[in-house]
Structures are given as structure tokens and as C-alpha cells.
Amino acid sequence: MRKTTALRAAAAATAALLTMTACSSRRDEADRDTAAGGACKGQQTTGITDDTIKLGGIYPLSGPASAYGTISKGVGAYFQYVNDKGGIAGRKVRFIVRDDGYQPPKAVEEARRLVEREKVFAVFQTLGTPSTAAVWDYLDKQKVPQPFVATGASVWGTDARHPWTIGWQPNYVAEARVYAKYLKDTEPKARVAVLYQNDDFGKDLLGGFEKAVAGSDVKVVARESYEVTDPSVSAQMASLSRSKADVLLDVTTPKFGSQALAADARNTGWNPLHIVNNVASSAAVLKPVGFKNVQGVVSATYFKDPADPQWADDPDVKTYKEALHEYAPDTDPDNQFNAYGWAVASSLHKALDSMKCPTREGLRDAVRNLKDVRVGMLLPGVTMSTGHGDAFPLETMQLMRFKGDRWQLFGKPVDTREEFGPLTK
């Protein structure tokens with residue numbers, strides 16, 4: 001796979017850390033609790049006992065991607081809810097949240113703190129492609145599971161050198177394939193302009209889209225990138241508008257997604273079909289722009305939108321909303337990022353339940369051996385599956401269109417494994 005900027009930067013960010021921790025790693029090896037018996041003898045039980053599981057999460061509670069920080073509240077609410085029900089296999093979960101500000105060097109610092117000081121069982125949910133790439137070498141060296149990272153970069157499922165790390169959400173190439181299929185079916189001669197974040201996230205989705213439309217009459221006619229440190233994307237949007245493209249593919253994180261949607265609304269001389277990627281599709285991103293200004297915007301999803309009336313009587317959504325009111329009363333249950341947190345935490349619960357050994361190795365193996373696992377907050381027809389040669393738990397998505405004050409699903413779920421074949425390096 002092409003070596004991209006964020007992964008090279010991540011390697012540089014971790015190089016010094018790996019050197020600094022070499023000696024302490026050897027000491028920690030001797031200190032690890034390896035009380036597991038039978039077939040599990042000798043495996044790591046750091047962070048897990050008969051009564052507790054200690055998990056760590058790294059989120060941008062501050063900085064340019066702070067809108068994602070509320071995901072940790074959805075995760076935390078789920079674990080509190082489960083703890084009050086008796087825990088996971090009788091074990092109460094302690095979930096420790098750290099803030100990296102969406103800065104890879106800070107993510108490395110926090111990962112080290114969680115592993116070496118807090119002695120967590122797993123680092124569950126590092127958020128963002130740059131931060132996740134910055135810590136996976138360290139966690140792999142320490143043999144600490146990094147399950148269900150909050151990023152859809154395809155590398156988490158194609159790089160066999162990091163068996164301790166795995167994604168969860170549909171990867172960005174799979175998402176791009178859904179948009180490509182939609183345009184080929186409905187706008188077969190579309191001219192597409194692309195705004196994308198200049199890192200592995202943006203390049204992954206853009207590259208996946210270009211590959212998926214190759215050989216068709218759907219053409220990318222303009223591209224503009226931005227940096228996460230940029231104050232705005234106004235100049236990029238102005239440049240893209242001059243292409244007079246029929247479609248705008250908006251590959252952004254929340255802050256810049258709001259800016260792009262607002263710039264599109266202001267430009268009355270250009271009216272493309274606006275497709276915004278899933279990670280910037282929350283109503284919390286659209287609301288500042290004004291719902292009247294984002295009518296008809298298209299995206300894709302894989303879990304139930306708690307704001308959608310069709311799920312009002314769904315037992316899993318009702319449980320989620322009731323629990324969020326109880327355990328995170330300062331959060332909005334209709335915010336899709338909170339629902340995401342609940343869904344991914346319940347997915348980890350399923351993986352923990354399926355461990356053959358209550359060890360770090362047991363969790364590493366469990367997340368790579370999932371067979372059509374149903375999770376209540378996922379859309380009907382969307383299940384988790386992994387196995388030999390397939391480290392992508394979710395690869396099915398359904399399109400949605402913004403109408404009124406909420407997203408509305410349309411079409412049928414698209415299983416990108418079936419439509420395009422497995423994703424490989």
C-alpha cells in the first residue's frame with residue numbers, strides 16, 4: 001500500500017518513544033500478570049481480573065476535531081449501563097478517557113500513560129487516522145489490543161504487520177464504493193469535484209472513489225485539499241465551484257464539513273449534488289449551517305439514527321436513549337456521535353463475550369473471528385464479520401438523504417464485499 005504522509009509522520013512520532021520504553025518494556029514483561037490457566041496459560045491478563053476490565057480510550061476532547069469527543073460519552077454511558085446490569089461476564093468495566101487534541105504526539109503520550117501507568121487491558125477507541133497511526137507501532141510492541149479504532153482508514157484491515165489493531169466502522173474505501181455505485185446508477189455521466197482532508201483519511205476515500213468509478217463515465221474533474229490546521233476551506237470551495245461540477249464529494253471532518261456546507265449554501269451560482277462523508281454527517285454538523293440550507297445532501301450510514309422516527313419503538317434505540325438520559329444527562333441522545341459510541345461499545349461487548357481466553361491475546365483473536373454478529377444499534381442487514389484474510393468488521397452501508405430536519409434512509413443496504421469484492425492491499 002502507498003506510504004502516505006500521516007503514516008510516515010506517525011512513524012517519526014513513535015520512533016523516540018519506542019527507544020525510550022525499550023528498557024521499561026522488559027521490566028513490564030516480568031511484571032505482567034500471567035495467571036491464566038489451561039490452554040490460556042502464559043497469556044497476558046494485565047488489566048483484567050475476575051471482577052474488572054480496565055479499558056482506555058483516546059479522543060480529541062479539545063482541538064479541531066473536538067466534535068468527536070462526545071463519542072466517549074456514548075461509550076461511557078454504555079459501560080455504566082452494563083455495569084449496573086452486572087457487567088460483562090460478571091466483570092465491571094472501568095473506562096479511562098484521555099484527550100489528545102487530535103495531535104499524534106499527544107496520542108503517543110496518552111497511549112503510554114494508559115499502558116504503563118494505568119495498566120489497561122486494551123486501548124479501545126483511538127480516534128482519527130493520524131492519532132491511531134501514531135500509536136499502533138507502540139501498542140503492537142507492547143502486545144496491547146487496539147480494537148475498533150474510530151477511523152475508517154483501510155490500512156487497519158490490510159496491514160498484517162499489526163495484528164493487535166483493527167477497525168470497526170466501514171472503511172473509507174467501502175464508503176467511497178457506495179457513493180460510486182450510487183452515481184453510476186443515477187448520474188452515469190456525472191462530473192465530480194472533491195474537497196478532501198490532506199491526510200490518509202482524505203486520500204483513502206478519494207482514492208477508493210476514483211478506483212470505483214474507473215472505466216465509467218463518472219469523472220473527477222477537480223480536487224482541492226485542506227490541512228487540519230487551516231482556518232477555513234472557503235478558498236478551496238471557491239476554486240471547486242469554478243469547475244461547475246455536477247457533484248461535490250465532501251471528504252471532511254466535522255468543523256470543515258460545516259464550513260463546506262455553508263460555503264455551498266452561499267454560492268447560489270453553483271448547485272451540485274452535495275455528498276458528505278459519514279464522519280461529517282451528524283446533525284450537529286449540519287445544524288449550524290441551517291437545516292433549510294442542507295436539504296437534499298446525501299451521505300451513507302450503517303447504524304440507526306436515534307433522531308429518525310422510524311426507530312421510535314425500536315427496543316435497542318429506546319434502551320440507548322433511556323441510558324443516555326440516566327448516565328450522560330448533559331448529552332443529546334439524538335447526536336449521531338453519541339449513538340456511534342454506544343454502538344461501538346456494544347460491539348466490543350460482543351467481542352469480549354466471544355473470547356476463548358480472558359486475556360489480551362484472547363481479545364486480539366476474538367475481534368478477528370466474528371461471524372455475522374448482530375449489534376442492536378446497527379441497521380437491519382448490517383452485521384459484524386471478520387475472518388482469515390478479512391479484517392474489516394463492517395462493510396455494508398445504506399444511503400441517506402437530508403430532508404426536513406433529519407436524515408432519511410433510501411435504497412437498500414449495499415454490501416460492498418458482494419458488489420466490489422474483498423478489499424486487499
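The name given to the protein in an unreviewed UniProt entry is ABC transporter substrate-binding protein, and the organism recorded there is Streptomyces sp. 900105245. Under Sequence similarities (unreviewed entry), UniProt gives the following word-for-word description of the protein: "Belongs to the leucine-binding protein family."

### As for the overall build of the protein
Across its full length, the protein holds 15 helices and 13 strands. Against the globule reference of 22 Å for 425 residues, the protein gives a C-alpha radius of gyration of 21 Å, in line with a compact fold. Principal-axis analysis of the C-alpha atoms gives the protein an extent of 65 × 50 × 40 Å. Sequence separation of at least 24 residues holds for 71% of the intrachain contacts in the protein that already meet a minimum separation of 6. As displayed, the protein has an accessible area near 17100 Å², and 49% of this comes from carbon and sulfur atoms. With 53 positive and 50 negative side-chain charges, the protein shows a separation of 3 Å between the mean positions of the two kinds.

### A look at unusual backbone geometry
Despite not being glycine, Lys143 shows a phi value in the positive range, around 60 degrees. Along the polypeptide, Lys143 turns up in the loop between α5 (129-142) and β4 (146-149). In the Ramachandran plot, Asp372 falls in the positive-phi region, its phi being about 45 degrees despite a non-glycine side chain. Residue position: Asp372 is located in the loop between α14 (360-366) and β11 (396-403). With a relative accessible area of 58%, Asp372 lands in the exposed category.

### Let's talk about the environment of His274
If you trace the backbone, His274 turns up in strand β9 (residues 273-276). You can call His274 buried: its relative accessible area is 3%. Separated by 37 residues in sequence, His274 and Trp311 have C-alpha atoms that sit 26 Å apart. Residues within four places of His274 in sequence aside, it is in contact with Leu248, Asp250, Ala260, Leu261, Asp264, Val297 and Val298. Among the polar contacts listed, one links the side chain of His274 to the side chain of Asp264, at a separation of 2.8 Å.

### Let's talk about the nonpolar core
Phe79, Phe148, Trp168, Val192 and Phe209 are the most contacted members of the largest nonpolar core, which totals 94 residues. Among the elements that line this core, the one with the most residues is helix α13 (residues 336-353), at 10 residues. Discounting chain neighbours no more than four positions away, the residues touching Val192 are Leu183, Phe209, Val218, Lys219, Val220, Val221, Ala222, Ala245, Val247 and Leu249. If you look at the next biggest cluster of nonpolar residues, it comprises 14 residues, including Ile96, Val108, Ala111 and Tyr138.

### Here's the deal with the state of the cysteines
Tallied over the full model, the rule gives one disulfide. Bridging Cys40 to Cys357, the disulfide has an S-S length of 2.0 Å. The sign of the -85 degrees torsion about the S-S bond sets the Cys40-Cys357 disulfide as left-handed. One end of the pair, Cys40, is in the loop between α2 (22-31) and β1 (52-59); the other, Cys357, is in the loop between α13 and α14, with 317 residues separating them in the sequence. Take Cys40: its relative accessible area is 10%, and that puts it in the buried class. Overall, the relative accessible area of 10% leaves Cys357 in the buried class.

What counts and what doesn't
Residues numbered from 1 in each chain as written. Predicted model: local features only at pLDDT ≥ 70, side-chain atom pairs only at ≥ 80, totals over all residues. Heavy atoms only, no water. UniProt positions renumbered as here; feature names shortened; annotations may be inferred. Helix = DSSP H or I, 4+ residues; strand = E, 2+ residues; numbered from the N terminus. Rg over C-alpha atoms; globule rule 2.2 N^0.38 Å. Contact = heavy atoms within 4.5 Å. Areas by Shrake-Rupley, 256 points an atom, 1.4 Å probe, with all protein chains shown as cover. Lys, Arg positive; Asp, Glu negative; His and termini not counted. Charge placed at Lys NZ, Arg CZ, Asp CG, Glu CD. Buried < 20%, exposed > 50% of the residue type's maximum accessible area, 1.4 Å probe, protein only. Polar contact = N/O pair within 3.5 Å; in protein donor to acceptor, adjacent residues only side chain to side chain. Core = buried A, V, L, I, M, F, W, Y, C linked by side-chain atoms within 4.5 Å. Disulfide = S-S within 2.5 Å.

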